[in-house]
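Inside the fold
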Amino acid sequence: DAKTTQPPSMDCAEGRAANLPCNHSTISGNEYVYWYRQIHSQGPQYIIHGLKNNETNEMASLIITEDRKSSTLILPHATLRDTAVYYCIVRDDYKLSFGAGTTVTVRA
Amino acid sequence: EAQVTQNPRYLITVTGKKLTVTCSQNMNHEYMSWYRQDPGLGLRQIYYSMNVEVTDKGDVPEGYKVSRKEKRNFPLILESPSPNQTSLYFCASSLLGTETKAFFGQGTRLTVV
């Protein structure tokens, strides 16, 4: 019973912004939205998280809709090294439940 | 440097030969967990620990054991490995709390023949 829905794949041009959508229509008030990515077969890497406000860090921006039913991860200037599987996770306890994620391919 | 270290990175073993995959973190994290990753099934949690001497089953615990005698270490034990435990394994650690980020190890690729 996945809590999030993501497109299976998307392409992005190098140097352009990559916008990764995630639907989480059943999210409850105290659940955070987390994003991780996995490059090839390396360990997943934390990107960003948020509750209701938009968040930005050195890696990405997270835009959460006002009703909190969906969010968008923005990689502002995608590089070839951003090619990875990106996971959107709604977290209600310590456990991270990974879905299939979105495979993002950045093309030169 | 904050990190989670797993060893070995690669292991080929035979059915029934006990093995241990070690995991160590240097961030004084209370929460540690093990995941396995298989094609088409994604990352699934095997076991987790919320502190020393406190461990519990995740989603796929069958065939695995863990221990947490020290805060920094969380070894994964396969008492009698079978071919269906061939997988990519990840250890993770984090502070307790819902607004904490998890750190993952580099992974251990295990093949059981």
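Numbers given to residues run from 1 along each chain, matching the order in which its sequence is written. In the order they appear in the text, chains get letters beginning with A and ligands get numbers beginning with 1. Only residues with pLDDT of 70 or above have their local features reported here, since the model is predicted, and side-chain atom pairs are shown and tallied only from 80 upward, although totals for entire chains, interfaces and linings are computed over all residues. With hydrogens and water excluded, all non-hydrogen atoms of the structure serve as input to the side-chain values.

Moving on, we come to the overall build of chain A. Numbered from the N terminus, helices here are DSSP runs of H or I no shorter than four residues, and strands are runs of E no shorter than two. Summing up its helical and strand segments, chain A has 0 helices and 9 strands in all. Secondary structure of chain A in N-to-C order comes out as β-β-β-β-β-β-β-β-β. Relative to a compact globule of 108 residues, whose C-alpha radius of gyration would be 13 Å, chain A shows 13 Å and is just as compact. Judged by the C-alpha coordinates and their principal axes, chain A covers about 40 × 25 × 20 Å. When charges are tallied, Lys and Arg are placed among the positive residues and Asp and Glu among the negative ones, while His and the ends of the chain are skipped. Here the site of a charge means atom NZ of a Lys, CZ of an Arg, CG of an Asp or CD of a Glu. With 10 positive and 11 negative side-chain charges, chain A shows a spacing of 2 Å between the two charge centroids. To get the radius of gyration, use the C-alpha atoms; to get the globule rule, take the number of residues to the power 0.38 and multiply by 2.2 Å.

Taken residue by residue, the interface counts 18 residues in chain A and 21 residues in chain B. Two parts placed together each lose some accessible area under a 1.4 Å probe, and the buried area is that loss summed for both. With both sides pooled, the region where chain A packs onto chain B buries about 1,700 Å², and carbon together with sulfur makes up 54% of that total. Among the residues of chain A in contact with chain B, Tyr94(A), Lys95(A) and Phe98(A) are the three that bury the most area, contributing 34% of the side total. For salt bridges, the criterion is a side-chain nitrogen of Lys or Arg within 4 Å of an Asp or Glu carboxyl oxygen. Applying the counting criterion to the chain A and chain B interface returns 1 salt bridge. Throughout this description, a polar contact denotes any pair of N or O atoms lying within 3.5 Å of each other; where both atoms belong to protein, one of them has to be capable of donating a hydrogen while the other can accept it, and for residues adjacent in sequence the pair is counted only when both atoms sit in side chains. The tally of links between chain A and chain B comes to 9 residue pairs in polar contact (both at pLDDT 80 or more). Elements with a contribution of two residues or more to the side of chain A that touches chain B: strand 3 (32-38), strand 4 (45-50) and strand 8 (84-91) of chain A. When residues of the side of chain A that touches chain B are assigned to their parent elements, the largest contribution, 4 residues, is made by strand 3 of chain A. In terms of residue class, the side of chain A that touches chain B is made up of 9 nonpolar, 5 polar and 4 charged. In what follows, residue pairs with any heavy atoms lying within 4.5 Å of each other are defined as contacts. All amino acids are sorted into three groups, where Ala, Val, Leu, Ile, Met, Phe, Trp, Tyr, Cys and Pro are nonpolar, Asp, Glu, Lys and Arg are charged, and the leftover types, Gly among them, are polar.

Looking at chain A as a whole, the pLDDT averages 94, with 98% of positions reaching at least 70. The predictor rates its confidence in each residue with pLDDT, a number between 0 and 100. Here strand 8 of chain A is the element of chain A with the lowest mean pLDDT, 94, and strand 6 (residues 61-64) of chain A is the one with the highest, 98.

On to the nonpolar core, then. Residue and element names in this part refer to chain A. Ranked by internal contacts, the top residues of the largest apolar core, which has 22 residues, are Leu-20, Trp-35, Ile-47, Leu-73 and Tyr-86. Sorting the residues of this core by element identifies strand 1 (9-13), strand 2 (18-23), strand 3, strand 4, strand 6, strand 7 (70-75), strand 8 and strand 9 (102-107) as the ones contributing at least two each. A total of 4 residues in this core trace back to one element, the largest contributor, which is strand 8. If near-sequence neighbours (up to four positions away) are discounted, Leu-20 is found in contact with Met-10, Trp-35, Ser-71, Thr-72, Leu-73, Tyr-86 and Val-104. Remark: nonpolar core denotes a set of buried residues (Ala, Val, Leu, Ile, Met, Phe, Trp, Tyr, Cys) joined through side-chain atoms within 4.5 Å. Partly exposed describes any residue whose relative accessible area lies between the buried limit of under 20% and the exposed limit of over 50%, with all areas from a 1.4 Å probe on protein chains only and scaled to the type maximum.

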